[in-house]
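Descriptive structure summary
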Amino acid sequence: MEERNLDKAIDILTRLLDGEEVGRNSGANVSLYEAYSTNAQVYDLVNRMLNRMNIKLYEYNYCLYITAGDNNQAFGFSNGDLRKELGLKVNRELYLCYFIIYQIITCFYTDSSGYNFNEYVKIEDIMETVDYSLKHIIDNLEILTNKETEENSFKTLAMMWSDLPAATEESIRAVKNSKAGYIKLVLNFLISQKLMAQSEERYYLKDRARALIENYFEESKGRLYEIIQGKEQEDAAY
């Protein structure tokens, strides 16, 4: 192993962990991206080190992005961390935020291939999607869920959501007193994590978010994905 290749791999790892972009158009880090892309030993070293740290690396639009792997206590968020970050008190509030995040994704991606997506969304788009998705799931619980705990979880989310007014004021604030407020709370968090950007009333996905989302659908999916897919497939049958 050449020492300079190890140094480059460590430099790439350090930049990524510091939250810097390593890509084809990343200024001072362009040479590091070129080393990763063209040098097999650097590529292998970076991926081996990240795997050992339980960190996933994704490449999107000629740029590298990392995210914590499953149950990564050192680099990921625990439920407690997220509650604190979002200003929530109990897990059911957090699970509603999780559901909103998932629905934000479905607002952007118009099919599961990842190739067709909307450029931006507004808060009212997200609210409409959450309204429809929760109502449809609750109306078809016996078809879409296979465990009592899943039924109870979705019923709890639906009750929390239905009890909220659409909005409490013209200027939407990130608070838990309305549907729009919950959505704003989630959007602000995603912006703080460099996953989304805002321009006036429009919200856009950043490339980091697209990298994570498209690889998530490809690799992980999960139970919520299965339930939502079941809903979509049932809709397509009508």
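The sections below set out a description of the structure shown in this document. What you see is a predicted model; the values in this text were computed from it and never measured.

**Describing the overall build of the chain**
Looking only at helices and strands, one finds 11 helices and five strands in the chain. Across the 238 residues that make up the chain, the buried fraction comes to 39%.

**What to know about the sheet that holds strand 3 (residues 63-68)**
If you trace the three strands from one edge of the open sheet to the other, you get 1-3-2, paired in antiparallel fashion. Of all the strands in the sheet, the pair left with one neighbour each is strand 1 (22-23) and strand 2 (55-59). With five bridges connecting them, strand 2 and strand 3 associate as antiparallel partners. Its bridge partner being in strand 3, leucine 57 is matched across the sheet by isoleucine 66.

**Description of the nonpolar core**
Counting 45 residues, the largest nonpolar core has Ile100, Ile104, Ile126 and Trp161 as the members making the most contacts within it. For this core, the secondary structure elements donating two or more residues are strand 3, helix 4 (79-86), helix 5 (91-108), helix 6 (123-139), helix 8 (148-162), helix 9 (179-192), strand 5 (202-205) and helix 10 (207-219). Among the elements that take part in this core, helix 5 stands out by supplying nine residues, more than any other. Looking at which domains feed residues into this core, each of domain 1 (3-68) and domain 2 (79-205) gives three or more. Those residues within four positions of isoleucine 104 in sequence are excluded, and the remaining contacts are Ile126, Val186, Leu187, Leu190 and Met196.

**A short note on the side chain of asparagine 72**
Residue position: asparagine 72 is located in the loop between strand 3 and helix 4. Classification of asparagine 72 as buried rests on a relative accessible area of 9%. A distance of 2.6 Å separates a polar atom in the side chain of asparagine 72 from the backbone oxygen of asparagine 54. Non-local contacts of asparagine 72, meaning those with residues more than four positions away in its chain, are made with Met53, Asn54 and Ile55.

**Things to note about unusual backbone geometry**
For asparagine 54, which is not glycine, the phi dihedral falls at a positive 60°. Tracing the backbone shows asparagine 54 in the loop between helix 3 (40-52) and strand 2. By relative accessible area, which is 31% here, asparagine 54 ends up partly exposed. Notably, lysine 194 is not glycine yet its phi reads approximately 60°, a positive angle. Within the fold, lysine 194 resides in the loop between helix 9 and strand 4 (196-199).

**Structural notes on the packing of helix 2 (residues 30-38) against helix 3**
Two quantities define a packed helix pair, namely the angle between the axes and the distance from one axis to the other. Helix 3 packs onto helix 2 with a crossing angle of 100° between their chain directions and a minimal axis gap of 5 Å. Here helix 3 runs roughly perpendicular to helix 2, going by the angle between their axes. Packed against helix 2, whose contacting residues are Ala35, Tyr36 and Thr38, the element helix 3 presents Ala40, Val42, Tyr43, Val46 and Asn47 at the interface. Here the residues of the contact of helix 2 with helix 3 sort into six nonpolar, two polar and no charged.

**Here we look at the packing of helix 4 against helix 5**
Orientation of helix 4 relative to helix 5, taken along the N-to-C sense of each, is 80°, at an axis distance of 10 Å. By the angle class used here, helix 4 and helix 5 are roughly perpendicular. The segment helix 4 lies against helix 5, with Asn79, Leu82, Arg83 and Leu86 engaging Asn91, Leu94, Tyr95, Cys97 and Tyr98. Here the contact of helix 4 with helix 5 is built from residues that sort into six nonpolar, two polar and one charged.

**Let's talk about the environment of phenylalanine 189**
Looking at the element boundaries, phenylalanine 189 is found in helix 9. For phenylalanine 189, a relative accessible area of 11% puts it in the buried group. Expressed as a C-alpha distance, the spacing of phenylalanine 189 and glutamate 85, which sit 104 residues apart in the sequence, is 7.8 Å. Aside from chain neighbours lying at most four places away, what touches phenylalanine 189 is Phe77, Leu82, Glu85 and Leu86.

**What to know about the packing of aromatic side chains**
Counting across every chain of the model gives four aromatic pairs. Measuring from ring centre to ring centre gives 4.9 Å for tyrosine 36 and tyrosine 43, while their planes differ by 45°; the resulting arrangement is tilted. Overall, the relative accessible area of 4% leaves tyrosine 36 in the buried class. Judged by its relative accessible area of 43%, tyrosine 43 is partly exposed. Across from the ring centre of tyrosine 62, 3.7 Å away, lies the NZ or CZ of arginine 24, which sits over that ring.

About the cut-offs
- Residues numbered from 1 in each chain as written.
- Predicted model: local features only at pLDDT ≥ 70, side-chain atom pairs only at ≥ 80, totals over all residues.
- Heavy atoms only, no water.
- Helix = DSSP H or I, 4+ residues; strand = E, 2+ residues; numbered from the N terminus.
- Buried < 20%, exposed > 50% of the residue type's maximum accessible area, 1.4 Å probe, protein only.
- Pairing = 2+ DSSP bridges.
- Core = buried A, V, L, I, M, F, W, Y, C linked by side-chain atoms within 4.5 Å.
- Domains from an automatic or database assignment.
- Contact = heavy atoms within 4.5 Å.
- Polar contact = N/O pair within 3.5 Å; in protein donor to acceptor, adjacent residues only side chain to side chain.
- Axes fitted to C-alpha atoms, helices over the stretch in contact; angles between N-to-C directions.
- Parallel < 35°, antiparallel > 145°, perpendicular 65-115°, else oblique.
- Nonpolar A, V, L, I, M, F, W, Y, C, P; charged D, E, K, R; others polar.
- Phe/Tyr/Trp six-rings, centres within 6.5 Å; stacked < 30°, edge-to-face > 60°.
- Lys NZ or Arg CZ within 6 Å of the ring centre and 35° of its normal.

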